[in-house]
Structures are given as structure tokens and as C-alpha cells.
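# Notes for the structure review
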Amino acid sequence: MNDNLTLAGKTISNRLLVGTGKFPNMPVVKEVLETIQAEVVTVALRRVDIESKSDNILDYIPKNCTLMINTSGARNANEAIRIAHLAKASGCGNWIKLEVIADNEYLLPDNLETLKAAEKLVAEGFAVFPYISPDLSIAKRLAQAGVAAVMPLGSPIGSKRGVKTAELVKILIKEVNCPVIVDAGIGLPSDAAYCMEIGCAAVLVNTAIATSRNPVEMAMGFNLATRAGRLAFLNATGGSNTAEASSPLTGFLRTNE
Amino acid sequence: MSFYYCLDNPPAENLRELLSPKTDSQLEAMARKAQELSLKNFGKTITLYTPLYLANYCDNQCLYCGFNTQNDIPRKKLNPQELKQEAEFIAKTGLKHILILSGESRTLTPLSYIKDCLKILRPLFSSISIEIYPLTESEYRELIAEGVDGLTIYQETYDQEIYKKLHPRGPKQDYRFRLDTPQRAAQAGMRTINIGALLGLAPWPKEALWLLSHARYLQDKYPEVEVSISLPRLQPQFNNFTATDEVSDRDIVRLITAARIFMPRLGITLSTREKPALRDNLIGLGITKMSAGSTTAVGGRTQSDPFIKNSIQFEISDKRDIAEIKKTILEKGYEPVLKDWIGVL
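Read on for an overview of the structure. (Residues numbered from 1 in each chain as written. Chains lettered and ligands numbered in written order. Predicted model: local features only at pLDDT ≥ 70, side-chain atom pairs only at ≥ 80, totals over all residues. Heavy atoms only, no water.)

### A few points about the interface of chain B and chain A
We count it as follows: The contact criterion used is simple: two residues touch if any of their non-hydrogen atoms lie within 4.5 Å. Simply put, the buried area is the total loss of 1.4 Å probe accessible area from both parts when two parts are fitted together. Throughout this description, a polar contact denotes any pair of N or O atoms lying within 3.5 Å of each other; where both atoms belong to protein, one of them has to be capable of donating a hydrogen while the other can accept it, and for residues adjacent in sequence the pair is counted only when both atoms sit in side chains. By the criteria applied, helices consist of DSSP H or I runs no shorter than four residues and strands consist of E runs no shorter than two, each listed in order from the N terminus. By the convention adopted, Pro, Cys, Tyr, Trp, Phe, Met, Ile, Leu, Val and Ala count as nonpolar, Lys, Arg, Asp and Glu as charged, and the other residues, Gly among them, as polar.
Between chain B and chain A, the residue contacts involve 34 residues of the former and 30 residues of the latter. Summed over both sides, the interface between chain B and chain A buries roughly 2,700 Å², with carbon and sulfur atoms accounting for 49% of that surface. The tally of links between chain B and chain A comes to 18 residue pairs in polar contact (both at pLDDT 80 or more). Those elements giving two or more residues to the side of chain B that touches chain A turn out to be α3 (24–42), α10 (204–221), β6 (226–230), α13 (322–331) and β9 (335–337) of chain B. Among the elements that line the side of chain B that touches chain A, the one with the most residues is α3(B), at four residues. In the side of chain B that touches chain A, the residues fall into 14 nonpolar, seven polar and 13 charged.

Laid out in C-alpha cells, this is it:
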């Protein structure tokens, strides 16, 4: 079955996107990515040390993966734009996971600064994947600006609380004219499956894999769940997410016709 | 209110309770909670940095400090060539985070000297923090423009009476100016701010309350700043000043775990003042940043002047080099992070 996803002109089949922070060592990052055949991988530019012979995270990312550089650490649009420029100049490509955070306590994104940076970066030719609080008007404006996807949070970064914003994410999926990828807060494979069931194009998972007892096995779990959720989305009939009353309330009209 | 309730509900009024677990099982419960929160927020990583002493000229007479102006020790400031040697020595280890320090002498190590030093350091490191004399907001802006992204400033003690006794002369007598320093830096746009109390100068539970309240205040007022704390314990000094209020290893564990539970995203820094075994055991309980390959002497890594060894600020306990520390952290199941910022930003 051909069920590929096209992001910024690139076709991928694995809808589990993986973040590379918080892992206990770099070789395990490589093992995770190889085991689940990850295709899109986020890396924070602040962690990239191109000069290092032994501690450069990029050396542990399989060559067939597409890098999505994270602007982690940017507190406003200008800083995010500069990080994107630096990423491109260092040969990390032009896929940017746009993260603008001016709140160190909850790590919630600044949607307005994110929009400003996204408009500028899209105009410059970057493939932009903005991390946002799930706000419909911002998401629509981002889509209009031409971002490659919008990435609403399920719950705060690293919290592993699951998809607490589900109702808002569902609205984005329905109304926004670009792929929706849930980016933060996914704690268990069932959360990833749920996101896929309601129609997310993909999910991005980091903390829940990186800080688990066995990151490789946890990643396998997420991989299976992402696939399972996607299959359910494509094939489910009825059920809680596509509810249709079994006895239509207006059925009497038809029986009388 | 039960202790276990406080574990899950750590607003300010519960902090006092958290700082004083009564039993071993309460302390263990705190450690478990702290580990869980640390993992969630920082993952299995420890960021490494090293201090670089630029100069030890000082106008203060802090009773507990080796740089006390009354101490007859060799005084020195690195010239550009010496600084380059010292910096390149550190850069070779792969470390990208550096903390530059000086005593408090605006005449012998003025801001212009610090700026000249930054020009040499900036190409070699991704993150430069300063632990020098307190500056004004506009001076912090000037240093940020030259590449500084972090400030470390210890209040030493939050107890005003004790502070007065310990600082009999020099600009550091001004308690309030020092207390407001992190705010001036935050206003200027400093990215990371590390505050601390020198444990041993006053009863520690009270100091911890002050310190954590200070950290919480800064984080609330400046949410864009990465706030962190240090918990240095007083070490033997030249003046034979000894701690009046001793802080045990057990107290340090209480403090670190309480801090983590109180502020889950708070950075917690541990220096080489502590012994290797304790440092290794504290990994995982809440520490996010450790120094390594340290010396408190001016030019202590590369300068051969025999007097250098007598010009230290305090004795360090963990003398392992960076490679050894990296190995230990990896063996603990954690990744030693050598670079976690973008210097040219």
C-alpha cells in the first residue's frame, strides 16, 4: 500500500519523526534511528559541534535521514532567523524546526514571534516546520505563509503528559491547509497512535524515547504505534472519532417519505 | 500537612518542609522524585564547563577568600599571549563552555581589559560566562555585545548581618547592589544567570530558602532567562577561615533534591570543590552542569611561574581531567555535553 507523506517536496514513508536531545550517549541515537529506519530527524543547532572529531551529533545520524534543524534556544524571531542562517551556512540543509521560546519554566512557544520568523524564513526559501501552541488563526496564517507543516504541542515539551490539546489539534487538522504534526508531550506509544488516528500527518517524539529505560525498544514501540494509528485512520469506520448515530435522529422523515 | 504531600505540591510554602526530610525513607522519596523530574526536563545529559581565571587583583577583604586584598599572594593578570595559551589549552579538550573569572579590581582589570580578553576567547568557545565584579545594566549590554551569554554571581550569604561582618572593606560591602546584580544582567538580555550562596557562612536551611526564593523570583520575572544555582561549600582558605555552619553531604543531597522538586527546570551546577565520589553520586539527582579540569590559579594550566600555584582562590577537590570526567559521566549512563550553545548568536 502506498501511503507516503510529502513534506517540503520530499516523500517519506515513516511518519515517526525523532528528536535527538536528552539521550544517554550518541551511539544509542544512531542505533535508534537505524532500528526504526527513521527518515526525518531533528537536531538542535546549539548541540552541533562540527569541529569535534568524537562528539559531533551529526556523525551519528544515518546519511539517508533528512535533518530538521531545531532553533532551540531562540527567544525571539531574530534569534531564530539567525540560527536558521547559521544552520544553512554549516551545511545542515534548509529544513528548520522553528522553535521560539521565551518561557524557560514551561517551554511554551511564542506564537507571534514564531509567525514573524516563519514568514521571513519561508520567503528566504527555507522549509519551515513551526512548533506552536495549537491556535487556529496562527496556524492558518502560518499555512498561508507557506510553511511545510504546523507542529502543535500535545502538552508542554518533555512533560510526557500526552495529547492534552486533542480538541484543538483536531480543529487544526480539519481547518488548516497543510500537514499537522504533533510535536511535544507525547509520552507513550498510545499517544502517538491516537495522534495518527485523528489524522495527524506525523508525530515527533524525543523525550519519551530518549529518557526511557531502553531507547531502542521504546522507539520500536513508538514506530509500531505510529503505523497502527495511521492504519486505523485510513481504514476505520465509525467509532468515537468519526461518530455517526446508528439510528439517525431524522430517520423518521425518510420512513414517512 | 504530610511530607509526601509536599513532594507533589511544592509551592513556596512547602519548601521549608522539603528542605528538612526527617527520615531516610523521606530523603529517598525526594531523591526518586528529583531524578524523575530531572530526567523529564534535562534527559540523561550533564553539560561540562571549565573556569578560566583572568586575574586575581582585588579591592575586597572577604574573610573567606584567597584573593582577600590583605593576603600576601602573588598577584597577576593574564596578558593577551598568556590568555591565548590558556584558552587554547582548554579548547583542545573539546570543551565549548567557559567561565571567566577575576577578582574585583576595576582599576587593574577594568571592563576594557575584560573586553580585550573576550576578543581572544570568542573564536574558541561557544558559550562564555563571566564571574567578575558586579556591573551596571549598560555594562552588561556591552559585554553581551562582545559575546558573553552567561552570568555567575554569588550573594555568598543572604543574611545581611553576617554579610556585613564577612565583607569589612571594598565595593563588595554593598549588599543591595550585589543582590540586584542578576536583575541588571537579565534586563540587559543575559541568556543564562547562575546564582549561589557559599554554604558554610550561615545556617544552610535559611540560606537555601533565600537562594531558591531568589531563583524563583528571577525565573518568574524573567521567563526568557535560563536560571541556575550553584551550591558551593566553603573550602579551606589561606586565611584559615573555617565554616561556622558545616554542611554535610546529606545536607547537600537534601538541598539539590529539594531545589529540583521546587523548580523542575532549574539548572543546578556542581563545581570541583566537591570530592570525586560525591560528584559522581550526585549525577542523576538533579545536577545539570559540572565543571571539569579546573584550576583557581591565574594561568594555572599553562604558566610555569612557580608563584602561580600559591595564587589560588581556593583548593579544588576533584582534580580529574576532562577526559576522565567524561568517561565517568558516560559510565553513569549520562552523556557529557561539551557544546550546548551557539556563540556567534
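### Remarks on the side chain of A:T71
Tracing the backbone shows A:T71 in the loop between β5 (66–70) and α2 (77–89). Leave out the neighbours within four places in its chain, and A:T71 touches A:A80, A:I83, A:I96, A:K97, A:L98 and A:E99.

### What to know about the side chain of B:D149
Residues and elements named next belong to chain B. Tracing the sequence through the fold places D149 in strand β4 (residues 148–156). In terms of polar contacts, D149 uses its side chain to reach the side chain of S127, at 3.1 Å. Within the local environment of D149, its side chain forms a polar contact with the backbone nitrogen of I128, the two atoms lying 2.9 Å apart. If we ignore the near neighbours within four places in the chain, the residues touching D149 are S126, S127, I128, M190, R191, T192 and W341.

### Here's the deal with the packing of aromatic side chains
Aromatic ring pairs are reported here in terms of the distance separating the ring centres and the angle at which the planes meet. Residues and elements named next belong to chain B. In plain terms, the rule: Aromatic rings from Phe, Tyr and Trp, taking only the six-membered ring of Trp, are treated as a pair when their centres fall within 6.5 Å; an angle between ring planes under 30 degrees marks them as stacked, one over 60 as edge-to-face, and anything in between as tilted. To sort residues, take the accessible area from a 1.4 Å probe on protein chains only and compare it with the maximum for the residue type: under 20% means buried, over 50% means exposed, and anything in between is partly exposed. Note on criteria: charge over ring means Lys NZ or Arg CZ within 6 Å of the ring centre, with the direction from the centre no more than 35 degrees off the ring normal.
Summed over the entire model, instances satisfying the criterion amount to four aromatic pairs over all chains. On the basis of an interplanar angle of 5° and a centroid distance of 6.0 Å, the ring pair of Y158 and W210 is categorised as stacked. Separated by 52 residues along the polypeptide, Y158 in the loop between β4 and α7 (160–166) and W210 in helix α10 bring together distant segments of the chain. We classify Y158 as buried; its relative accessible area is 2%. Judged by relative accessible area, W210 falls into the partly exposed class, the value being 44%. Positioned above the aromatic ring of Y113, the side-chain terminus of K77 is 4.9 Å from the ring centre.

### As for the pairing of strand β4 (residues 40–44) of chain A
Residue and element names in this part refer to chain A. The test is simple: Note: two strands are recorded as paired if DSSP finds a minimum of 2 bridges between them. For crossovers, right-handed means that the path from the first strand over the helix to the second runs clockwise, given strands pointing away from the viewer.
With five of five residues buried, β4 lies mostly within the body of the structure. Burial of β4 is two-sided: the residues V40, T42 and A44 facing one way and the residues V41 and V43 facing the other way are all buried. Bridge count between strand β3 (residues 16–19) and β4: two bridges; the pairing is parallel. Looking at β4, one finds that V18 is bridged to V41. What joins β3 to β4 is helix α1 (residues 26–35), and the crossover it makes is right-handed. Looking at chain direction, β4 and β5 are connected through five bridges and run parallel. Paired with A44 across the two strands is N70, which belongs to β5.

### What about the packing of helix α4 (residues 136–145) of chain A against helix α5 (residues 166–175) of chain A?
All names here are of chain A. Put simply, the test is: Here an axis means a line fitted to C-alpha atoms, over the contact stretch when the element is a helix, while the angle between two N-to-C directions is reported on a 0 to 180 degree scale. Helix crossings fall into two classes, left-handed where the near helix is turned counterclockwise from the far one by less than a right angle and right-handed where it is turned clockwise.
Packing of α4 against α5 leaves a shortest axis separation of 10 Å and a crossing angle of 35°. Crossing of α4 against α5: the hand is right-handed. Side by side, α4 and α5 meet where L136, A139 and K140 of the first sit next to I171, L172 and E175 of the second. Among the residues making up the contact of α4 with α5, the classes are represented as four nonpolar, no polar and two charged.

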